[in-house]
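# Fold and geometry: a report
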Amino acid sequence: ADLNFPQGTVVGLEASAVDQEDGDLTADIAWQSDIDGLLGTGGSITATLSVGSHLVSASVTDSGGKTRVDTVPVVVFVPCTAPQHLSLNGEIISTTEVYEACSSITAEDFRIQSTGDVTFRDGSAISLGECFVVGAGASFRAEIDPVLSF
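Model, not experiment: these values are computed from the prediction.

Once that is clear, we can look at the sheet that holds strand S8 (residues 52–61). Sheet architecture is open: five strands sit in the order S1-S9-S8-S5-S6, paired in mixed fashion. Where the open sheet ends on each side, the last strands, each with one partner, are strand S1 (3–6) and strand S6 (37–41). Adjacent strand axes in the sheet meet at a mean angle of 30° when their direction is disregarded. With four bridges connecting them, S1 and strand S9 (residues 67–77) associate as parallel partners. Across the sheet, leucine 3 pairs through a bridge with valine 74, a residue of S9.

Below is the structure:
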């Protein structure tokens, strides 16, 4: 399973390595990310990874030239800063707006109004109808189209 962390998290990485001939090789373990490159060496390090889906590897080579590599997937994501849920019930919008929510956006009787008295139920080519719901990580852009008329 992937390890998931929000951006800016200091991630602790630990491993140990013992070879029959060379003994304890833990201090020689090299940690690497396929995105960020070399993260450090040793049995225990900390790293702040960039945003993205990483393959983090721990590798060590014995005196005979044999290398052992273990990898773990790590996902670093940008945390959602919008509200968890946004309700636009009964809203009348008369300027271009962008609405965002981490979980969902609901709108009932949502109207987008141009200048003047014309009211229409249309936003970014989506017919809103009586109830409009956008799912997790939602972003909805409502644009005023002055050409539309009824």
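Don't stop here, the text continues.
This part is about the side chain of histidine 54. If you trace the backbone, histidine 54 turns up in strand S8. Among the residues examined, histidine 54 registers a relative accessible area of 2% and is labelled buried. Within the structure, histidine 54 has its side chain in polar contact with the backbone oxygen of serine 50 (distance 2.7 Å).

Residues of strand S2 (residues 11–14) alternate between two faces, with Val11 and Leu13 buried on one and Gly12 and Glu14 left unburied on the opposite face. In this sheet, strand S7 (residues 44–47) lies alongside S2 in antiparallel orientation, the contact comprising four bridges. Residue leucine 13 lies in a different strand from S7, and its bridge partner there is isoleucine 45.

Ranked by size, the top nonpolar core spans 15 residues in total, and within it Leu13, Ile29, Trp31, Leu39, Leu49 and Val56 carry the most contacts. Of all the secondary structure elements, the ones that give two or more residues to this core are S2, S7, S8 and S9. In terms of residue count, S8 provides more of this core than any other element does, three residues in total. Residues in contact with isoleucine 29, not counting those within four places in the same chain, are Ala15, Ser16, Ala17, Gly40, Thr41, Gly42, Gly43, Ala58, Ser59 and Val60.

A few words now on the confidence of the model for the protein. Per-residue confidence for the protein gives a mean pLDDT of 76, with 62% of residues at or over 70. A low-confidence stretch, residues 114–132 stays under pLDDT 50, and its non-local contacts, those more than four residues away or across chains, total 41 contacts. A low-confidence stretch, residues 144–150 stays under pLDDT 50, and its non-local contacts, those more than four residues away or across chains, total 15 contacts.

What follows concerns the environment of leucine 38. Note on placement: leucine 38 falls in strand S6. Placed 18 residues apart in sequence, leucine 38 and valine 56 show a C-alpha to C-alpha distance of 9.6 Å. Among all residues touching leucine 38, those that are not within four sequence positions of it are Trp31 and Gln32.

Criteria and thresholds
Throughout this document, residue positions are counted from 1 along each chain, in the order its sequence is written. Totals for whole chains, interfaces and linings use all residues, but because this is a predicted model, local features are given only for residues with pLDDT of at least 70 and pairs of side-chain atoms are given and counted only at 80 or more. Heavy atoms from the whole structure form the basis of all side-chain values; hydrogens and water molecules are not counted. In this analysis, strands are considered paired if DSSP registers two or more bridges between them. Helix numbering and strand numbering both begin at the N terminus, where a helix is a DSSP run of H or I of at least 4 residues and a strand a DSSP run of E of at least 2. Only the contacting stretch of a helix is used when fitting its axis, a line to C-alpha atoms as for every element, and angles between N-to-C directions run 0 to 180 degrees. To sort residues, take the accessible area from a 1.4 Å probe on protein chains only and compare it with the maximum for the residue type: under 20% means buried, over 50% means exposed, and anything in between is partly exposed. Think of a polar contact as two N or O atoms within 3.5 Å of one another; within protein, one of them needs to be a possible hydrogen donor and the other a possible acceptor, and neighboring residues in sequence only count if both atoms come from side chains. What makes a nonpolar core is a set of buried Ala, Val, Leu, Ile, Met, Phe, Trp, Tyr and Cys residues whose side-chain atoms join them at distances within 4.5 Å. Throughout, a residue-residue contact means that at least one pair of heavy atoms, one from each residue, lies within 4.5 Å. The predictor attaches a confidence to each residue, called pLDDT, with possible values from 0 through 100.

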